[in-house]
Amino acid sequence: MNKIIHLGRLLPLSPEMKLFELVDGYPQLLSIFSRLEISFPFGDISIEELCQREGRDAELFIMLCNMHLAPDYRPAEDSLRHEMLKDVVAYLRASHRYYTGYMLPHVANHLERVLEHCDSVSQRALRSFYDDYVRFLAAHFEEEERNIFATIDSIEEQADASFAMLEAPHGDIDDRTNDIASLVIKSLPERVPTPLRCSMLDHIYMLRDDLRRHSDLEMLLLRPLVAKYKKSLKR
Amino acid sequence: MKRFRVAIVEPSAIVAEGLESMLSRYAEYEIVYNVRSLSEYQSQRASDPDVVLLALQYAHEDVGQATKIGIQTAIADSDTLRQFQATVSIYSSADELAKILREALDSPADTNFSDSHELSERERDVLVLVAKGYTTKEIATELFISPHTVISHRKNIVHKTGIRSVAGLTVYAVLNKLIDSEQL
């Protein structure tokens, strides 16, 4: 039974839903397929059948979809099972790879096309700013993998481990991502063609929103699951 | 001890003198202007004070970078009150008055932004120094203004540019030719 509570608009996702309907109705979820390396074609199978085929938890898969679709979605406390923890960590790791291996280079490609219309001083300044941003994100991901995910990997041996970093706000990431958008909107020269500028903005906002969902996943899924897992170990 | 420069712009001499008398009990406040009209204030003003206590009739007037506090002498509508960061009542005690000013100065105006998204000359000066890596204190010393005023300028810069990080502001300064990248 689907125990998910929906806040805001209703998202009628269920294990019986056909995968095609899911993708067709919510194409923005394709990035999840990419992260989970779900192989196509999948014919006429349902979410539940896909999850059985891939050895995934269907309830967790639906939660991930809902969290990506609705920023105000909150998984119900009693729908979280501590067995989901390792899968959530695997998903977050896959997301890190997705950002560093796909999304950030993709935005960089757009940036290079935009920079062709800027003078050399602006090119240097913007390129250097973006490179710093990528390094900043990479360092953040590495720190999470080292201090949080690696600790979760061996949580059975260290039930009292601290996960203080999970409490750390991600405001810096959001600010820096917004800064790129502000520079593109307000300061790039007029001669940058509007379609190029808009396409770059599309990707920056997509990245920003995805990073926000990523942070929500850590706060609303990972954190309570860690607490549940630690509690289960102490029993 | 940091002293905040206060301007009082209030048509009623009784109210204005009362406010000055009450604030003079606190060493942290220095009354630099006490005038009966906004035009008088504008003609006398050589530099922005930290805070302006302003009659509600001037609610929609711009007082530059100073924290804008309304002097409520009568019932006012919410649109008028929204123009101020805080309001003081003619029934406020001296302690209440000092507390309201202190709280307003601790959290410089978020709602007191000018409608213009163009940076003022002073904001550009601050932005250039931020881009060069100066701290708030160093900028205050360089420009002969208070750190509070620098903070207020920085908030306005962030509001107008939409950019929060120092690195982003530096790029903004370069792209807008406010600074030569060689200077960085």
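Here the structure is a predicted model, which is why all the values come from computation and not from measurement.

1. So, the overall build of chain A
No. 1: When you go through chain A residue by residue, the secondary structure sums to eight helices and zero strands.
No. 2: Starting at the N terminus and ending at the C terminus, chain A contains elements arranged as α-α-α-α-α-α-α-α.
No. 3: Taking the principal axes of its C-alpha atoms as reference, chain A extends roughly 65 × 45 × 30 Å.
No. 4: The buried share of chain A, taken over its 235 residues, is 50%.
No. 5: Of the roughly 11400 Å² of accessible surface on chain A, a fraction of 52% belongs to carbon and sulfur atoms.

2. Here we look at the domain arrangement of chain B
Residues and elements named next belong to chain B.
No. 1: On domain assignment, one finds that chain B holds domain 1 (4-106) and domain 2 (121-183).
No. 2: Centre-to-centre, using C-alpha coordinates, domain 1 lies 27 Å away from domain 2.
No. 3: Tallying the contact residues gives five residues for domain 1 and seven residues for domain 2.
No. 4: Summed over both sides, the interface of domain 1 with domain 2 buries roughly 490 Å², with 41% coming from carbon and sulfur.
No. 5: At the junction of domain 1 and domain 2, the tally comes to zero salt bridges.
No. 6: Where domain 1 meets domain 2, there are four residue pairs in polar contact (both at pLDDT 80 or more).

3. Topic: the sheet that holds strand E4 (residues 67-72) of chain B
Residues and elements named next belong to chain B.
No. 1: Taken in spatial order, the five strands of this open sheet run E2-E1-E3-E4-E5, and their pairing is parallel. Two strands lie at the open edges of the sheet, namely strand E2 (29-35) and strand E5 (86-89), each paired on one side alone. Pairwise comparison of adjacent strand axes, ignoring direction, gives a mean angle of 25° for this sheet.
No. 2: By the bridge criterion, four bridges tie E4 to E5 in an arrangement that is parallel. When the sheet's bridge partners are listed, Ile69 is paired in E5 with Ala86.
No. 3: Sheet contacts for helix H1 (residues 13-23): strand E1 (4-9), E2, strand E3 (51-55) and E4; angle to E2, the most-contacted strand, approximately 170°.
No. 4: Against the sheet, helix H4 (residues 94-106) touches E1, E2, E3, E4 and E5, its axis set at about 175° to E5.

4. A word on the packing of aromatic side chains
To describe a pair of aromatic rings, one takes the distance between the centres and the angle between the planes.
No. 1: Following the criterion strictly, the structure yields ten aromatic pairs over all chains and no others.
No. 2: Consider the rings of Phe40 of chain A and Phe42 of chain A, whose centres lie 4.7 Å apart with planes at 45°: the pair is tilted.
No. 3: Counting every residue linked through ring pairs, the aromatic cluster contains Phe33, Phe40, Phe42 and Phe61 of chain A.
No. 4: The ring of Phe136 of chain A carries the charged tip of Arg176 of chain A above its face, separated from the ring centre by 4.1 Å.
No. 5: Here the guanidinium or amino end of Lys68 of chain B rests over the ring plane of Phe84 of chain B, the centre of that ring lying 5.6 Å away.

5. A short note on the side chain of Ser31 of chain A
No. 1: Its location among the elements puts Ser31 of chain A in helix H2 (residues 30-36).
No. 2: Ser31 of chain A has contacts with Tyr98 and Asp210 of chain A, leaving out every residue within four places of it along the chain.

6. A few points about the pattern of salt bridges
No. 1: One pass over the full model with this rule turns up 17 salt bridges over all chains.
No. 2: Through salt bridges with shared partners, one network takes in Asp174, Arg208, Asp209 and Arg212 of chain A.

7. Quick look at the environment of Ala181 of chain A
No. 1: Its location among the elements puts Ala181 of chain A in helix H7 (residues 171-186).
No. 2: The spatial distance from the C-alpha of Ala181 of chain A to the C-alpha of Leu126 of chain A is 12 Å, given a sequence separation of 55 residues.

8. Structural notes on H1 of chain B
Helical periodicity: at 3.6 residues per turn, an α-helix aligns residues three or four positions apart in one direction.
Residue and element names in this part refer to chain B.
No. 1: Taken residue by residue, H1 has Val15, Ala16, Leu19, Met22 and Leu23 as its buried positions. Summarising the axial view, the buried residues of H1 lie within an arc of 135°, below the 170-degree limit, and thus occupy one face.
No. 2: Where H1 is buried, its residues meet E1, E2, E3, E4 and H4.

9. Notes on the interface of chain B and chain A
No. 1: The partner chain A presents 15 residues to the 18 residues of chain B that form the contact.
No. 2: For the pair chain B and chain A, the two sides together bury roughly 1200 Å², of which 58% comes from carbon and sulfur.
No. 3: Contact with chain A buries surface across chain B, with Arg164, Val171 and Leu175 of chain B losing the most and accounting together for 37% of the total.
No. 4: Put simply, chain B and chain A have two salt bridges between them.
No. 5: Across the pair Asp175 of chain A and Arg164 of chain B runs a salt bridge, and its minimum N-O distance is 3.9 Å.
No. 6: Among the secondary structure elements, those contributing two or more residues to the side of chain B that touches chain A are helix H7 (147-161) and helix H8 (166-175) of chain B.
No. 7: Residue composition of the side of chain B that touches chain A, by class: six nonpolar, eight polar and four charged.

10. Looking at the domain arrangement of chain A
A common way to report how large an interface is uses the accessible area buried once the components associate.
Residue and element names in this part refer to chain A.
No. 1: Here the domain parsing of chain A yields domain 1 (19-78) and domain 2 (82-234).
No. 2: Put simply, the middle of domain 1 and the middle of domain 2, counted by C-alpha atoms, are 21 Å apart.
No. 3: Contact with domain 1, which involves 18 residues of that partner, is made by 15 residues of domain 2.
No. 4: Buried area between domain 1 and domain 2, summed over both chains or domains, comes out near 1600 Å², and the portion from carbon and sulfur atoms is 68%.
No. 5: Of all residues in domain 1, Arg35, Leu60 and Met67 bury the most surface against domain 2, accounting for 41% of the area lost on that side.
No. 6: At the boundary of domain 1 and domain 2, one finds one salt bridge.
No. 7: Two residues, Asp210 and Arg35, come together in a salt bridge whose shortest N-O distance is 2.8 Å.
No. 8: Counting across the domain 1 and domain 2 interface gives four residue pairs in polar contact (both at pLDDT 80 or more).

11. A word on the packing of helix H5 (residues 121-131) of chain B against helix H6 (residues 136-143) of chain B
Residues and elements named next belong to chain B.
No. 1: Their axes nearest at 10 Å, the elements H5 and H6 cross at an angle of 130°. Put simply, H5 runs oblique to H6. In the crossing of H5 with H6, the sense of the turn from one axis to the other is right-handed. Judged by residue contacts, Arg122, Asp125, Val126, Leu129 and Val130 of H5 engage Ile139, Glu142 and Leu143 from H6.

What counts as what
- Residues numbered from 1 in each chain as written.
- Chains lettered and ligands numbered in written order.
- Predicted model: local features only at pLDDT ≥ 70, side-chain atom pairs only at ≥ 80, totals over all residues.
- Heavy atoms only, no water.
- Helix = DSSP H or I, 4+ residues; strand = E, 2+ residues; numbered from the N terminus.
- Buried < 20%, exposed > 50% of the residue type's maximum accessible area, 1.4 Å probe, protein only.
- Areas by Shrake-Rupley, 256 points an atom, 1.4 Å probe, with all protein chains shown as cover.
- Domains from an automatic or database assignment.
- Contact = heavy atoms within 4.5 Å.
- Buried area = accessible area lost by both parts, 1.4 Å probe.
- Salt bridge = Lys/Arg side-chain N within 4 Å of Asp/Glu carboxyl O.
- Polar contact = N/O pair within 3.5 Å; in protein donor to acceptor, adjacent residues only side chain to side chain.
- Pairing = 2+ DSSP bridges.
- Axes fitted to C-alpha atoms, helices over the stretch in contact; angles between N-to-C directions.
- Phe/Tyr/Trp six-rings, centres within 6.5 Å; stacked < 30°, edge-to-face > 60°.
- Lys NZ or Arg CZ within 6 Å of the ring centre and 35° of its normal.
- Arc of directions from axis to C-beta.
- Nonpolar A, V, L, I, M, F, W, Y, C, P; charged D, E, K, R; others polar.
- Parallel < 35°, antiparallel > 145°, perpendicular 65-115°, else oblique.
- Left-handed = near helix turned anticlockwise from the far one by under 90°.

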